[in-house]
Amino acid sequence: MMTYLAITVSDERKRKRMVSNRESARRSRMKKQQHLEELVGEVARLESENAQSEMHANLLTERYSKVEAENAVLRAEAAQLAERLKSANKYLSLFEVVRGVKMDIEEIPDPFLSPWLPVCTALLNQCNC
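Residues numbered from 1 in each chain as written. Predicted model: local features only at pLDDT ≥ 70, side-chain atom pairs only at ≥ 80, totals over all residues. Heavy atoms only, no water.

Going by an unreviewed UniProt entry, the chain carries the name Basic-leucine zipper (BZIP) transcription factor family protein and comes from Rhynchospora pubera. Recorded under Subcellular location (unreviewed entry), the UniProt text for the chain is reproduced unchanged: "Nucleus". (UniProt positions renumbered as here; feature names shortened; annotations may be inferred.)

Enquirer: Sorry if this is basic, but what is going on with the overall build of the chain here?
Expert: In terms of regular secondary structure, the chain is built from 2 helices and 0 strands. A total of 129 residues make up the chain; the buried ones form 3% of that total. Of the roughly 12,100 Å² of accessible surface on the chain, 61% is carried by carbon and sulfur atoms. (Helix = DSSP H or I, 4+ residues; strand = E, 2+ residues; numbered from the N terminus. Buried < 20%, exposed > 50% of the residue type's maximum accessible area, 1.4 Å probe, protein only. Areas by Shrake-Rupley, 256 points an atom, 1.4 Å probe, with all protein chains shown as cover.)

Enquirer: How should a nonpolar patch on the surface be read in this particular structure?
Expert: A cluster of nonpolar residues, Tyr91, Leu94, Val97 and Val98, forms a patch on the protein surface that exposes about 490 Å² of accessible area. By secondary structure assignment, the location of valine 97 is in helix 1 (residues 2–99). (Patch = residues over 30% accessible without salt bridge, like charges linked within 9 Å, V, L, I, M, F, W, Y side chains within 5 Å. Salt bridge = Lys/Arg side-chain N within 4 Å of Asp/Glu carboxyl O.)

Enquirer: Any chance you could explain the pattern of salt bridges here in plain terms?
Expert: Side-chain pairs of opposite charge can arise whenever the charged atoms involved come near each other. For the structure on display, the rule yields 4 salt bridges. The partner of arginine 26 in a salt bridge is glutamate 23, with the nearest N and O atoms 2.3 Å apart. Here arginine 26 pairs with glutamate 23, and both are found in helix 1, just 3 residues apart, close to one helical turn. For glutamate 23, a relative accessible area of 32% gives the class partly exposed.

Here it is, written out as structure tokens:
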């Protein structure tokens, strides 16, 4: 009978250990599933944030391209106007030599030399208006 009782106690310990192990494994699986769900949520959030950042970067690149194109046009116009002014000054200096009358057009002020003044203010100051 002693052996039967020892076997029964041993079987009971095994059963308790098996139940405990199953419960521990179940808790581990639940914890792992919860962690996986958190990671999936974070991936979705980061993908959304990445898409928004990419759209913003594309918008800024597009704006930059437009401004760069406008600046190129304005630089070309400024160079063309500067050449026309030089040409006009050459004709005026020739007229001055022939007629003896001083006629000179002052250079157009470059707003990039005084960037903190609006162009209109710089022109008004030059005219003393």
